[in-house]
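# Structural overview for review
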Amino acid sequence: MKQILIVVDMQKDFVDGALGTQEAQAIVPRVARKIRQHNGPIFVTYDTHFDAYLQSNEGSHLPVPHCIKGSDGWKLDAQVQEALKGKIYTPVEKFTFGSVDLPALVEAAADGEAFEIELIGLCT
């Protein structure tokens, strides 16, 4: 059975940046270890916003600019990025809560085989 790993939003702004927490920081080593140990397909989601975030619907409810594409806070946590070195993974940008693209990407990665998905990271 194919094992698929989905790493959710392990970006700097959610770990130790604008919306970071001690709890998020605490899981980083375990997330990195899981990535290093995984030998199947990996998908890495990125919460992605733009400069006009505060004018968006989400920005009006959560007025904290975060994960602005190209910013330092949009990048993955350094330990997570290091764990991904040498791994083949698919980045998946999410412009809203959830991803409409991810199910089709997972199905394609399964290539007709039975599969299991493990979710790790933040907001899982």
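Model, not experiment: these values are computed from the prediction.

Of all the positions in helix α5 (residues 102-110), only Leu 102, Val 106 and Ala 110 are classed as buried. For α5, the angular spread of the buried residues around the axis is 75 degrees, confining them to a single face. Summarising the geometry of α5, the exposed residues directed more than 90 degrees from the buried face are Glu 107 and Ala 108. Contacts made by the buried residues of α5 are with β1 (2-8), β2 (42-47), β3 (89-94) and β4 (115-121). At the exit of α5 stands Asp 111, carrying a positive phi of roughly 50 degrees.

Here the focus is the environment of Gly 73. Checked against the element boundaries, Gly 73 lands in the loop between α3 (57-61) and α4 (78-84). Under the relative-accessibility criterion, Gly 73 is labelled buried at 10%. Counting along the chain gives 56 residues from Gly 73 to Gly 17, while the straight-line C-alpha distance between them is 6.3 Å. With sequence-adjacent residues up to four places away left out, Gly 73 is seen in contact with Gln 11, Lys 12, Asp 13 and Cys 67.

We now examine the pattern of salt bridges. In this structure the tally under the stated criterion is seven salt bridges. Measuring nitrogen to oxygen at the nearest pair gives 3.0 Å for the salt bridge that ties Lys 94 to Asp 9. Here the residue Lys 94 occupies a position in strand β3, and Asp 9 occupies one in the loop between β1 and α1 (12-15), the gap between them amounting to 85 residues. The burial state of Lys 94 is the same as that of Asp 9; both residues are buried. Connected through salt bridges with shared partners, the residues Lys 12, Asp 72 and Lys 75 form a single ionic network.

What counts and what doesn't
- Residues numbered from 1 in each chain as written.
- Predicted model: local features only at pLDDT ≥ 70, side-chain atom pairs only at ≥ 80, totals over all residues.
- Heavy atoms only, no water.
- Buried < 20%, exposed > 50% of the residue type's maximum accessible area, 1.4 Å probe, protein only.
- Helix = DSSP H or I, 4+ residues; strand = E, 2+ residues; numbered from the N terminus.
- Arc of directions from axis to C-beta.
- Contact = heavy atoms within 4.5 Å.
- Salt bridge = Lys/Arg side-chain N within 4 Å of Asp/Glu carboxyl O.

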